[in-house]
Amino acid sequence: MTSETDDLRLAADFAPASYDDWRKLVDGVLKGAPFEKLVGKTYDGLKIDPIYRRAQGATPVAGRPAAAPWRIMQRIDHPDATVANAQALHDMENGTTGLEIEFADGPGARGFGVADATKETLARVFDGVFFDAGIAIALNPVLGRQNAGANLADLVESRGFDPAKVDIRFNYQPLSTMAVRGAAAAPWPEMEQPFAKMIGDLMGRGFKGPFALADGRPVHDAGGSEAQELAFALAVAVAYLRAMETGGMALDAARTAVSFRLSADADQFLNLAKFRALRLLWARIEQSCGLTPKPIFVAAETAWRMLTQRDPYVNMLRATIATFSAGLGGANAITVLPHTLALGLPDPFARRAARNTQLVLLEESNLGKVSDPAAGSGGIETLTQQLCETAWSLFQETEKAGGAFAALEQGVLQRKVAATRTLREANIARRKEVLTGASEFPNLHEADVAVLDAKPVTLAPSGEAKIKFDALPPMRLAAPFERLRDRSDQMLKDRGARPKVFLANLGTPADFTARATFAKSFFETGGIEAVDTEGFTDPAALAAAFKASGAALACLCSSDKVYAGHATAAAKALQAAGTSHIYLAGRASEQEAALRAAGVNDFIYAGGDALATLQEAYRRTERA
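Residues numbered from 1 in each chain as written. Predicted model: local features only at pLDDT ≥ 70, side-chain atom pairs only at ≥ 80, totals over all residues. Heavy atoms only, no water.

Undergrad: Is there a simple way to think about the packing of helix 9 (residues 226-246) against helix 14 (residues 378-400) in this case?
TA: When two helices pack together, their arrangement is given by the angle between the helix axes and the distance between those axes. In the contact formed by helix 9 and helix 14, the axes pass within 8 Å of each other and the chain directions differ by 50°. Relative to helix 14, helix 9 is oriented oblique. Viewed along their axes, helix 9 and helix 14 form a crossing whose handedness is right-handed. Side by side, helix 9 and helix 14 meet where Glu226, Ala227, Gln228, Leu230, Ala231, Leu234, Ala235, Val238 and Arg242 of the first sit next to Leu387, Thr390, Ala391, Leu394, Phe395, Thr398 and Glu399 of the second. (Axes fitted to C-alpha atoms, helices over the stretch in contact; angles between N-to-C directions. Helix = DSSP H or I, 4+ residues; strand = E, 2+ residues; numbered from the N terminus. Parallel < 35°, antiparallel > 145°, perpendicular 65-115°, else oblique. Left-handed = near helix turned anticlockwise from the far one by under 90°. Contact = heavy atoms within 4.5 Å.)

Undergrad: Any chance you could explain the sheet that holds strand 5 (residues 136-140) here in plain terms?
TA: The pairing of strands in a sheet happens through backbone hydrogen bonds and is either parallel or antiparallel. Ordered by their spatial adjacency, eight strands build an open sheet running 6-5-4-3-11-10-9-8, and the pairing between neighbours is parallel. A single partner strand is all that each edge strand has here, and the edge strands are strand 6 (167-169) and strand 8 (212-215). For this sheet the average axis-to-axis angle between neighbouring strands, irrespective of direction, equals 25°. Pairing between strand 10 (residues 298-302) and strand 11 (residues 333-335): three bridges, direction parallel. Residue glutamate 301 lies in a different strand from strand 11, and its bridge partner there is threonine 335. (Pairing = 2+ DSSP bridges.)

Undergrad: Can you help me understand the nonpolar core in this one?
TA: A general feature of soluble globular proteins is that nonpolar side chains tend to end up buried together. Phe126, Leu152, Trp188 and Phe260 are the most contacted members of the largest nonpolar core, which has 112 residues in total. A per-element tally of this core places helix 9 first, with 15 residues. Phenylalanine 260 has contacts with Leu213, Ala214, Ala233, Ala237, Leu278, Trp282, Ile296, Phe297, Val298 and Ala299, leaving out every residue within four places of it along the chain. Core analysis: the second largest hydrophobic core is formed by 54 residues, Ala567, Ala573, Leu574 and Ala585 among them. (Core = buried A, V, L, I, M, F, W, Y, C linked by side-chain atoms within 4.5 Å. Buried < 20%, exposed > 50% of the residue type's maximum accessible area, 1.4 Å probe, protein only.)

Undergrad: Looking at this model, I keep getting lost on the pattern of salt bridges. Mind explaining?
TA: Two side chains of opposite charge can pair, provided their charged atoms sit close to one another. One pass over the full model with this rule turns up 42 salt bridges. In this structure, the salt-bridge partner of arginine 310 is aspartate 489, at a minimum N-O distance of 2.8 Å. One end of the pair, arginine 310, is in the loop between strand 10 and helix 12 (314-328); the other, aspartate 489, is in helix 17 (residues 479-495), with 179 residues separating them in the sequence. The structure contains a network of salt bridges with shared partners spanning Glu100, Arg110, Asp215, Arg217, Asp221, Arg261 and Glu301. (Salt bridge = Lys/Arg side-chain N within 4 Å of Asp/Glu carboxyl O.)

Undergrad: Help me out: how do you make sense of the sheet that holds strand 15 (residues 553-557) in this one?
TA: Strand order in this open sheet of five strands is 14-13-15-16-17, and the pairing throughout is parallel. Each edge of the open sheet carries a strand with a single partner, namely strand 14 (529-531) and strand 17 (602-604). The sheet shows a mean angle of 30° between the axes of neighbouring strands, taken without regard to direction. Both strand 13 (residues 500-505) and strand 14 contribute to a ladder of three bridges, which runs parallel.

This is how it looks when you write it as C-alpha cells:
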C-alpha cells in the first residue's frame with residue numbers, strides 16, 4: 001500500500017489538465033509556428049480543430065428509440081428472382097432483420113438488381129417470406145418501370161397479411177433517380193399529382209409506410225460533400241412534402257410518409273455529425289411548417305465511392321467504421337455494401353461478411369444500446385452545428401432556384417458537386433486522401449477474389465426523356481489508380497511481364513530504406529513493378545544491375561546526404577546504361593540543376609501528383 005504522501009504525490013502527478021495547459025504544451029512544440037497549422041478543413045470548408053472544450057448544455061439528438069438496435073438490412077440484387085429468394089431466406093435465417101430490394105436500372109443497383117418488378121417476379125422473390133414476422137422490407141422502385149410498390153401491396157394483401165402490420169418502406173424516389181440519370185420524362189410539376197395519388201392510394205389501403213425516400217446518395221456517389229448531400233436530401237424531401245400537400249394530404253400525414261437515406265463513409269467523426277445534423281435540419285423544416293418535430297426514419301448505406309476493386313478486404317474495415325459512425329449517429333437501418341460489389345455480384349462469403357459486420361457491432365459491442373453518445377462532445381457538436389449551418393445555406397439556394405427539380409434543370413447543384421469532386425480527385429491523385437490497397441500499400445500479387453457468375457444487367461431505356469440536364473454520375477475514388485493496375489495486368493498477360501522500375505538504392509540500408517519503401521509503394525500503386533536492390537556505391541555495378549533487371553525506368557533512392565555525394569555519378573551511369581527515364585525519390589533541392597544535367601528527369605515525393613506521374617510513366621514504357 002502507498003502512504004498518504006504517495007497518494008498526494010500521485011494525485012498531483014495526474015491532476016486534470018485544462019485546455020489552456022494543453023495549449024501551452026502545444027505552443028512549445030510548435031516553436032513559433034501558427035496554431036492554425038494543426039487545424040484541418042473539410043470539403044465544405046468547415047474547420048476541424050485538434051482539441052475542443054466540452055459542449056455545455058448539449059442535449060441528445062432524438063433518433064432511434066432508447067436502447068433499440070438499428071435494422072440490419074441486406075441487399076437483394078440478384079437478377080434471377082429464384083436465386084434472390086434463396087439469398088433472402090438465407091440472410092433472414094442468419095441474422096438479417098431487413099431486406100433491401102434493388103431492381104435493375106435503379107439508382108442504387110450498382111449494375112445488378114432483380115430483373116423486373118412484375119407481380120410474378122415479386123411473388124418469387126418473396127416466396128416463403130412472412131411479411132408480419134418482424135422483417136423489414138425496403139423496396140426501391142425504378143422510375144418508369146413497373147409499379148413495384150403497388151405490385152408488392154397486391155402481393156401482401158393476396159397472401160392475407162394485414163397492411164397495417166407489415167414493415168415496408170416503399171422508397172419512391174423519383175427526384176433522386178432523375179438526378180442520377182440527368183433526365184426526366186416530364187417536368188416535376190406534371191408528376192406531382194400522380195406521385196401524391198400513388199402514395200395516397202397505398203395509405204388508403206392501410207400501409208403505414210414511409211412511402212417517399214429523400215435520398216442523399218446521388219450527391220455522395222458523385223463526389224459531393226457532406227453539406228451538399230444534406231442540402232439535396234432536404235430539398236427533395238420538401239419537394240415531396242409539397243407534392244403530397246398539393247394532392248390534398250395534410251402536412252402532418254405527409255411528413256410521416258417521408259424517410260431519408262444518407263451514405264455512410266469511413267470519415268468517422270464527420271459521418272457521425274452528418275447523421276445528427278440531418279435530424280436537426282428536418283426538425284427546423286417541421287417547425288417552419290408549423291409542426292411539432294417528430295423523429296424521422298433515417299437509413300444508411302455504406303458508401304459506394306469508397307469501395308476499391310484492389311485489396312477489397314480493406315473494404316470490410318471501411319464498412320465497419322461507416323457502420324459504427326452511422327449507428328452511433330442514430331441511423332434506423334443500415335445496409336452494408338459487400339466488400340466485393342465493385343468487382344461483381346457478391347458471393348455468399350461477401351454477403352455473410354456484410355451481414356456479420358452489423359451483427360458484431362450490435363450483439364457483441366452493444367452499440368444499439370446507447371442513444372447519441374456524441375452529445376456533449378465539443379468536436380462532434382461543433383461539426384454538427386457547422387454542417388447544419390452550411391447545409392441550410394445550400395438548401396436555401398436550392399429553394400431560391402425554385403426547388404429541387406428546378407435546381408437540377410439549372411445545374412445549380414451539379415456545379416457545386418462537380419467542383420467538390422474535382423478537388424477530391426486532385427487530393428486522391430496526390431495521395432493526400434489515402435485508399436489503402438489502391439493508392440497506398442498495393443499488393444501486385446494479390447489473389448483474385450470470387451464473385452458470382454452474373455453479368456451486369458442492361459435494360460433498354462424506359463421511355464423518351466423530354467427534359468435533360470447534367471447528371472450526378474456515381475464514381476469510385478480508387479478508379480483512376482485501378483485503371484493503371486488493369487493496364488499492368490494486361491501487359492503481364494500480353495507480354496509476360498509488367499512494366500518495371502529499377503530502384504537504384506545508394507549507400508547502406510540505413511540510407512535508402514525509407515525512400516526505397518516510399519518509391520516501391522508509389523510505383524506499384526500504378527502497377528509498375530519495383531525491382532528492389534541491396535544498395536550500391538559503385539556506379540559501374542549500379543549500371544550492370546540496371547541492365548540485368550529488364551526495367552526501362554529507374555529511381556534513385558537514398559538520403560539527402562548520400563545524394564549530395566553520389567546521385568550525380570549514379571544518374572550518369574544509369575543514363576549511359578540506357579534507362580529511358582530517371583526519377584529521384586525526394587523533393588528537388590539546391591542540387592536540382594546538377595542532377596537534371598546528369599540525367600534525373602523527375603522527382604517523386606509525398607504530396608506530388610502521383611497519378612499524373614504514373615500515367616506519364618506508362619506512356620514512356622510503351623514508347624520504350
